[in-house]
Structures are given as structure tokens and as C-alpha cells.
Amino acid sequence: SMQTRVFHMYSPIAALMFAPLSLLPVPYAYILHSCVSLAACALSVALFWRICHWGPVSNRETVPLLVVLFGLAIAPTFHDVYSGNVSSVLLLICVLFLGLVSRDRPGLAGVVLTVGFWLKLYPIILLLLVAGRRDWWKILGSFALTVSVSFLIAIAWMPFDLFVQF
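Residue numbers restart at each chain and count upward from 1, following the sequence in its written direction. Local features in this predicted model are restricted to residues whose pLDDT is 70 or higher, and side-chain atom pairs enter the listing and the counts only when it is 80 or higher, whereas totals over whole chains, interfaces and linings include all residues. Side-chain numbers come from the whole structure's heavy atoms, not from hydrogens or water.

A. Focus on unusual backbone geometry. Residue Asp104 is not a glycine yet carries a positive backbone phi of 55°. Here Asp104 is to be found in the loop between helix 4 (87-102) and helix 5 (106-119). Labels follow the DSSP assignment, with helices taken as runs of H or I lasting at least four residues and strands as runs of E lasting at least two, numbered in each case from the N terminus.

B. Examining the pattern of salt bridges more closely. Salt bridges, as used here, are contacts in which a Lys or Arg side-chain nitrogen is within 4 Å of a carboxyl oxygen on Asp or Glu. The tally for this structure, following the rule as stated, stands at two salt bridges. A salt bridge links Asp104 to Arg133; the nearest nitrogen and oxygen atoms lie 3.0 Å apart. Residue Asp104 is located in the loop between helix 4 and helix 5, and its partner Arg133 is located in the loop between helix 5 and helix 6 (136-154); the two are separated by 29 residues in the primary sequence. Residue Arg133 is classed as partly exposed on the basis of its relative accessible area, which comes to 24%. Arg133 is paired through a salt bridge with Asp135; the nearest N and O atoms lie 2.9 Å apart. Salt bridges sharing partners connect three or more residues here, namely Asp104, Arg133 and Asp135. Three exposure classes are used, based on accessible area relative to the maximum for each residue type with a 1.4 Å probe and protein chains only: buried under 20%, partly exposed in between, and exposed over 50%.

C. Structural detail: the confidence of the model for the protein. Of the residues in the protein, 90% have a pLDDT of 70 or more, and the chain-wide mean is 86. Element-level pLDDT for the protein is lowest in helix 3 (residues 62-83), with a mean of 80, against a maximum mean of 96 in helix 5. The predictor attaches a confidence to each residue, and that confidence, scored 0 to 100, is pLDDT.

D. Just the environment of Ser22, in detail. In this fold, Ser22 is placed in helix 1 (residues 12-22). Here a polar contact means two N or O atoms within 3.5 Å. Within protein one must be a hydrogen donor candidate and the other an acceptor candidate, and residues neighboring in sequence count only if both atoms are side-chain atoms. At 2.5 Å, the side chain of Ser22 forms a polar contact with the backbone oxygen of Ala19.

E. Expanded view of the packing of aromatic side chains. Each pair of aromatic rings taken from Phe, Tyr and Trp, with Trp reduced to its six-membered ring, is defined by centres within 6.5 Å and is described as stacked if the planes are under 30 degrees apart, edge-to-face if over 60, and tilted in the remaining cases. All chains considered together, the criterion is met by six aromatic pairs. When the ring of Tyr10 is compared with that of Phe18, the centres are 5.3 Å apart and the planes differ by 90°; the resulting orientation is edge-to-face. Residue classification places Tyr10 among the partly exposed residues on the basis of a relative accessible area of 24%. With a centroid separation of 4.9 Å and 85° between ring planes, the pair formed by Phe151 and Phe163 is classed as edge-to-face. Of this pair, Phe151 sits in helix 6 while Phe163 sits in helix 7 (residues 160-165), placing them 12 residues apart in sequence. A connected cluster of aromatic rings, assembled from ring pairs, spans Phe117, Trp118, Phe143, Phe151, Phe160 and Phe163. Geometrically, a lysine NZ or arginine CZ counts as sitting over a ring once it is within 6 Å of the ring centre and also within 35 degrees of the ring normal. When the ring centre of Tyr10 is taken as reference, the NZ or CZ atom of Lys120 above it lies at 4.3 Å.

Here's what the structure looks like:
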């Protein structure tokens, strides 16, 4: 019945990703998560800067743009720190995916997208951005293979029903 169904906001594989934090005392887990979120925000901005080929940050025109980019990312990051969300990590995964695609690394891009997919489903939308590329099938193939293999590995430790519910 619908009353017994449980909706999980995170995939069962994401639970495996979070498991190491559960081994720490709560204050230490919070500090570690906060540091990871802040580092992911900073790395996302830096990587996005490189992908766009905006050059060195030393001139007067680029510093305000960098400040705006960081400003746009920092509010959601503080929300992540406060509430324990993973949006900053997902931002880094998505930007890393775009960086790998721009550097013609389709196989690795598919693997990175798999990590984002298992954290939250919505990074899969990035596949639409590569639909027009001549190597789209490599990205999709790598993604599909990595999702399949990670799923098969995960069901060795987790009940299949968790995936059905998800």
C-alpha cells in the first residue's frame, strides 16, 4: 500500500557515500562536511573560471567577475554547511563533468556524472548538453556502464528493495 512506501531523498548508494561520516562524532562530522562543502564551492568557481578561459585573476576586470561568481555560490554553500546538504559537492561534480567534456575526456566525464547521479538524480540533465557532440555515445556509454557496475556492487551490500523504493 502507499502508506508503507518510503520516499528516499538520496539513493541507497549515496548512503554508502555518507557512511564514513557516521563513524565520526557529530561535531567532527559536521566540521568535515563543512570543510568539504566550502572547498567544493571554491574549487567549483576556480574550475569554472578555467573552463571559460577567462585568464589570470590579476587584472581589474576579472576580479569583480570572480567575486560575483564566488558570491553566487557561497550562499547555497552556507546553506549546505548549516543543514548538511550536498549541493556544493554536486556543483563541483557538475562543473568537473563539464571540464572533462571540454577537455575531450568522455569516459572520465561519464564516471564523474555517475557520482553526481547517485548523490541526486538531477545531474543526469547534463547529458542533454552533450547530445550534439560527436562523442556523445562515449559519454553516455561510460555513464551507463558505471551506473550499472556501481549498482551491481551496491546490491551486494544493500537490499534490492531500497532501490525499488528509490
